[in-house]
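Secondary and tertiary structure notes
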Amino acid sequence: MNKDDPNVKPVTITLRDGSTNVKKLTDAFMYIPEGERLSDIMNDERIFLPIYRLDNQYANKGHIMVMVNKNAIALIEEQKGEIYGHRGH
């Protein structure tokens with residue numbers, strides 16, 4: 001993943017686990033193809049989304065990819081300030 005790619009957008013993702021507990025994924029990035037919006041991706045047929053995170057635990061300080069189930073996403077906030085919620089399918 002190249003953070004300098006204009007299609008790679010920084011996001012903060014709030015996850016829900018079915019209880020009142022929530023977890024925020026910060027330092028996360030999503031690839032959003034040109035001509036698509038984050039809301040388009042949240043409403044497509046995929047169940048899981050690839051999310052890239054900064055990996056500060058390793059010497060190379062690269063990126064790791066995690067797959068996130070869209071039904072576990074309560075909120076995605078694109079760093080430019082737009083907020084998108086996901087209601088599930």
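Read on for an overview of the structure. (Residues numbered from 1 in each chain as written. Predicted model: local features only at pLDDT ≥ 70, side-chain atom pairs only at ≥ 80, totals over all residues. Heavy atoms only, no water.)

**Examining the overall build of the chain**
- Across its full length, the chain holds one helix and six strands.
- Ordering the α and β elements of the chain from the N terminus gives β-β-α-β-β-β-β.
- A burial count over the chain gives 30% of its 89 residues as buried.
- In the chain, the share of contacts with a sequence separation of at least 24, taken over all contacts with a separation of at least 6, comes to 43%. (Helix = DSSP H or I, 4+ residues; strand = E, 2+ residues; numbered from the N terminus. Buried < 20%, exposed > 50% of the residue type's maximum accessible area, 1.4 Å probe, protein only. Contact = heavy atoms within 4.5 Å.)

**As for the side chain of T12**
- Mapped onto the elements, T12 comes out in strand 1 (residues 8–16).
- Take T12: its relative accessible area is 14%, and that puts it in the buried class.
- Polar contacts involving the side chain of T12 include one to the side chain of Q79, which spans 2.8 Å.
- In this view, T12 contacts K24, L25, T26, L75, I76, E77 and Q79; residues no more than four positions away in its chain are not counted. (Polar contact = N/O pair within 3.5 Å; in protein donor to acceptor, adjacent residues only side chain to side chain.)

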